[in-house]
Structure formats: C-alpha cells, structure tokens
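In case you want the letters, here they are:
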Amino acid sequence: RKYAKHRERILATAKAYYYAFPDRRKNAQIKSQFGIDLVNYHKMLADQAGVCAICKSSDPKRKGTAYFAIDHDHVTGKIRGLLCNGCNAGLGLFSDDEARLVAAVEYLRKHKD
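Treat the numbers as computed from the prediction; the structure is a model and nothing was measured. (Residues numbered from 1 in each chain as written. Predicted model: local features only at pLDDT ≥ 70, side-chain atom pairs only at ≥ 80, totals over all residues. Heavy atoms only, no water.)

Chemist: Provide a residue-level description of the pattern of salt bridges, including the pertinent values.
Modeler: Counted according to the given criterion, the structure contains four salt bridges. Notably, a salt bridge pairs arginine 80 with aspartate 71, separated by 2.8 Å at the nearest N-O pair. Residue arginine 80 is classed as partly exposed on the basis of its relative accessible area, which comes to 42%. The closest approach of N and O atoms between arginine 80 and aspartate 96, which form a salt bridge, is 3.0 Å. With arginine 80 in strand β2 (residues 79–83) and aspartate 96 in the loop between α4 (85–93) and α5 (98–110), this pair connects stretches of sequence that are 16 residues apart. Given the relative accessible area of 30%, aspartate 96 is considered partly exposed. Several salt bridges converge on common partners, so that one network encompasses Asp71, Arg80 and Asp96. (Salt bridge = Lys/Arg side-chain N within 4 Å of Asp/Glu carboxyl O. Buried < 20%, exposed > 50% of the residue type's maximum accessible area, 1.4 Å probe, protein only. Helix = DSSP H or I, 4+ residues; strand = E, 2+ residues; numbered from the N terminus.)

Below you can see the structure in the form of structure tokens.
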C-alpha cells in the first residue's frame, strides 16, 4: 500500500541511484554472476594491456558501456579473460567449440580473395 501511494517517488529515486552509481551497479552484477569484483576486473584488464584478449581492440564495442565482457567456461565457470562484445558473441555463437572455430578459419582461408 505504501509503495502504491509513493510509487513515482520511489521509482524516481531508484532511477537516480541507478545512474548515479554505475560502478556500484557493475560491481554487484559481476560479483553475483562471476564471483569477482571491479578491483579484480580492472586488474585483469590491466594484465591484458586494456584490450580484448582476442582481437586486441581497446573498444568494448557495446553501446552504452565501457566494460569488456567477462568470458568464462560455461561448464566450469572459470573466467578466461575479457573480450570485446564482437569476440565474445563470436565464441558464444560457435558454442565455444574449438573444432567449429578451426573449421571456420579454414573456410575463410579457402575463400580468401
């Protein structure tokens, strides 16, 4: 009942907090999803020289964010590295299947030019 009466004010406050503290939000999200915090994320990024672990781009290539994707093994949950959105999506679309990725490289080489 209290929520219904003050709904607009509560939502406005929540929205303001959401935009005022993006690092807190990101920290909570990666802590929940991957078990690491932003300190570890930034250490990983520094260890990768601030670039995608695959294509070496310094641009995360995700609209509206400055964060790289945290790539992980979907079976073990082990974090492998930080990737730009394009590389992360590519691995995901190939289901992390090494044989399919090698076949894709061979296909590209065969049809080059």
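Having seen the structure, we can now continue with the description.
Chemist: Kindly report on the pairing of β2, identifying the contributing residues and their values.
Modeler: Of all five residues in β2, four are buried, a share of seventy percent or more. The pairing of strand β1 (residues 69–72) with β2 spans four bridges and is classified as antiparallel. Following the sheet pairing, isoleucine 70 is matched in β2 by leucine 82. Two successive antiparallel strands, β1 and β2, enclose a turn made up of six residues, where glycine 77 displays a positive phi of approximately 85 degrees. (Pairing = 2+ DSSP bridges.)

Chemist: Run through the packing of aromatic side chains, naming residues and quoting values.
Modeler: Using the criterion set out here, one finds three aromatic pairs in the structure. Pairing tyrosine 18 with tyrosine 19 gives two aromatic rings, centres 5.0 Å apart and planes at 80 degrees, and the pair type is edge-to-face. A relative accessible area of 42% means that tyrosine 18 is categorised as partly exposed. Residue tyrosine 19 is classed as exposed on the basis of its relative accessible area, which comes to 58%. Seen in terms of ring centroids, tyrosine 41 and tyrosine 67 are 5.6 Å apart; in terms of plane orientation they differ by 70 degrees. Their pairing is edge-to-face. In this pair, tyrosine 41 is assigned in helix α3 (residues 38–47) and tyrosine 67 in the loop between α3 and β1, connecting sequence segments 26 residues apart. (Phe/Tyr/Trp six-rings, centres within 6.5 Å; stacked < 30°, edge-to-face > 60°.)

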